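# Coordinate analysis (summary)
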Amino acid sequence: MIRLGVIGYGGRIHGIIDHVLRRLDPGVRVVGVVDPDEAGTRKRLAEGDRQEAVFYKSVAELVRRAKPDALAIGTRCNLHTPYAIQVARYDLPLFLEKPVAVTMKQAADLEKAFSKSRCQVVVSFPLRVSPLCELARRYLQEGAIGNPVHVAAVNYVPYGTVYWEAPYRDYQITRGLFLQKATHDFDYLAYLMGTPIARIAATATRGHVFGGKKKAGLVCSRCGEQETCLESPQNRRRNQSGGTCSDHPCVYSVDCGEGHQLNEDCSSTLLEFASGAHGVYTQVFYSRRDAASRGATLSGYAGTLSFDWYTNELKRVRHHAPFSAVERAGEGASHFGGDLELGEDFLGVVKGTRASRTPIQAGIQSVYACLAAKESAEKGRFVKVRQVGQA
Ligand SMILES: NC(=O)c1ccc[n+]([C@@H]2O[C@H](COP(=O)([O-])OP(=O)(O)OC[C@H]3O[C@@H](n4cnc5c(N)ncnc54)[C@H](O)[C@@H]3O)[C@@H](O)[C@H]2O)c1
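Note that the structure is a prediction, hence the values are computed from the model and not measured.

Where helix α8 (residues 131-141) contacts helix α11 (residues 177-193), the axes come no closer than 9 Å and their chain directions differ by 25 degrees. The angle between the axes of α8 and α11 places the two elements in the roughly parallel class. Packed against α8, whose contacting residues are Cys-133, Glu-134, Ala-136, Arg-137 and Leu-140, the element α11 presents Tyr-188, Tyr-191 and Leu-192 at the interface. A class-by-class count of the residues in the contact of α8 with α11 yields six nonpolar, no polar and two charged.

Here it is, written out as structure tokens:
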């Protein structure tokens, strides 16, 4: 049996506990929770957990009284750092949602708190540990492209409306879509290139698609444009264009924010790596249906390797021999199989049989890259990426 304490028992962490951890080890039990929304949490909890889980007011009380074997933080983004800093005091494995911080102060404080901590962290970066990414990494290490010189990565997000109709649109919580989304991509790109991102130039386009002047608090059921609006539940259903098909907040409302505090419709980066290689990463949030694409093309003098998580395909081209290969990965697992891998890592850390492949330093390094991208897009110039361990 593994006694788990959960801080912020929301939708994402519930999915990880119920569909990932318990699938791997049915003995996982939620014994303590810190979450101000006790009623909502109780509804989400699995039957067995509902009986057993005790609600506590603080992390200290949860640790002292519930005596968990491990902790998980599943709050929204702005609370990851303050809670993780509290958890760093204990010698308990931690599953931590991303982004691990949303400001430079938070990231620096987090780095300091963990510099002396024995708490081992599995940061929730499913892409890095997904089987497709690990396969790409293996081929790269075997010399499939020689020295990586260039990378071009894309992320055409087919479910992007959540960033204007769900709490993700609250800038104080998410601080923009580099931190929210690119944190995964910067992480796996540095991992595959085998070298950290050193400098970033970025730009963002906002207010061309989502956001706008519709009144505060507007939801579809109270809007006169349901018949014509492509984002109304009935039109999404009719057009099979994705997104929630129940009543939802207006994606064109002043509530979405304005200026730099409005999530970007799309944003792009020019990345310079410490090795001297460079690349581009671009993310687009109004894509729908078959436009979905996420992956990268890495190249060097010896070859080109490309993969896409949506087609689940990896292609290797030898530049100097008449051979190319395409491989397809299995389908159906959440986050392209990455969530199961994260679950294996976390349970392995708890049982002392595995080390985390996504330690706290990876989470913090990715936040430093996201913050550089954000600053660059705001200031219109290259920004140096702070490196973990080099204040
Ligand atoms: N790794 C991934 O691929 C992935 C995927 C989806 C979401 N996420 C991340 O997961 C996080 C949670 O997202 P979600 O959709 O589950 O959100 P959610 O709103 O469903 O869950 C947040 C939970 O935190 C609780 N909470 C609020 N204030 C709190 C406080 N002061 N102390 C403790 N708990 C508090 C809420 O009551 C809620 O239960 C986000 O940061 C998001 O970026 C990551």
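There's plenty left to go through after this.
Spatially, the six strands line up as an open sheet ordered β3-β2-β1-β4-β5-β6, and their pairing is parallel. This sheet does not close on itself; its edge strands, each paired only once, are β3 (54-55) and β6 (121-123). Here two bridges tie strand β2 (residues 28-34) to β3, and the two strands are oriented parallel to one another. By the bridge assignment for β3, Val-33 is matched with Phe-55. Packing of helix α13 (residues 338-351) onto the sheet brings it into contact with β1 (2-7), β2, β4 (70-73), β5 (94-96) and β6, and relative to β6 it is tilted by some 175 degrees.

Attention now moves to helix α1 (residues 11-24). For α1, built from 14 residues, the straight-helix expectation of 20 Å at 1.5 Å per residue is met to within 8% by its first-to-last C-alpha distance of 19 Å. Helix geometry: α1 is bent most strongly at Ile-17, by close to 30 degrees. Buried within α1 are the following residues: Ile-13, His-14, Gly-15, Ile-16, Ile-17, Val-20, Leu-21 and Arg-22.

Another aspect to go through is the domain arrangement of the protein chain. Per the domain assignment, the segments making up the protein chain are domain 1 (2-125), domain 2 (127-205 + 263-330 + 358-384) and domain 3 (220-249). For domain 1 and domain 2, the distance between their C-alpha centroids amounts to 27 Å. The partner domain 2 presents 24 residues to the 21 residues of domain 1 that form the contact. Interface of domain 1 and domain 2: buried area, both sides summed, is about 1900 Å²; carbon and sulfur atoms make up 67% of it. Listing elements by their share of the side of domain 1 that touches domain 2, those giving two or more residues are α6 (104-115) and β6. At six residues, α6 tops the list of elements feeding residues into the side of domain 1 that touches domain 2. Of the residues assigned to the side of domain 1 that touches domain 2, the class counts are 15 nonpolar, three polar and three charged.

Another aspect to go through is the pairing of strand β9 (residues 266-273). Alignment of strand β8 (residues 197-205) against β9, held across eight bridges, turns out to be antiparallel. Across the sheet, residue Arg-199 finds its bridge partner in β9, namely Glu-272. Where β9 and strand β10 (residues 278-284) come together, seven bridges link them in antiparallel fashion. Pairing of Ser-268 across the sheet is with Thr-282, part of β10. Counting the residues between successive antiparallel strands, the hairpin from β9 to β10 contains four residues, one of them, Gly-276, with a positive phi of roughly 100 degrees.

Taken together, the nine strands give an open sheet; going across it, the order is β14-β13-β12-β11-β7-β10-β9-β8-β15, and neighbouring strands pair in mixed fashion. For this open sheet the edge positions go to β14 (324-328) and β15 (383-384), each flanked by a neighbour on one side alone. Helix-sheet contacts for helix α14 (residues 360-379) involve β8, β9 and β15, and the interaxial angle to β8 is about 50 degrees.

The rules behind the values
Residues take numbers from 1 onward in each chain, read along the sequence in its written order. Residue-level local features of this predicted model are given only where pLDDT is at least 70; pairs of side-chain atoms are given and counted only at 80 or more, and the full residue set underlies all totals for whole chains, interfaces and linings. Computation of side-chain values: all heavy atoms of the structure, hydrogens and water removed. Here an angle of 0 to 180 degrees is reported between the N-to-C directions of two axes, which are lines fitted to C-alpha atoms, with helices fitted over the stretch in contact. A helix here means a DSSP run of H or I that spans at least four residues, while a strand means a run of E at least two residues long, and both kinds are numbered starting from the N terminus. Oblique is the label for every angle not falling under 35 degrees (roughly parallel), over 145 degrees (roughly antiparallel), or within 65 to 115 degrees (roughly perpendicular). For this analysis, residues touch if any pair of their heavy atoms sits within 4.5 Å. In this classification, the charged set is Asp, Glu, Lys and Arg, the nonpolar set is Ala, Val, Leu, Ile, Met, Phe, Trp, Tyr, Cys and Pro, and all remaining amino acids, among them Gly, are polar. Paired strands are those between which DSSP finds at least two bridges. For a helix, the expected span equals 1.5 Å multiplied by the number of residues minus one. Fitting one axis to the seven residues ending at a residue and another to the seven starting there, the bend at that residue is the angle between the two axes. Buried residues are those whose accessible area, probed at 1.4 Å on protein chains only, stays under 20% of the maximum for their type, while exposed residues exceed 50% and partly exposed ones sit between those limits. Either an automatic procedure or a domain database provided the assignment from which the domain bounds are taken. Using a 1.4 Å probe, buried area is obtained as the accessible area two parts lose upon being combined, added over both of them.

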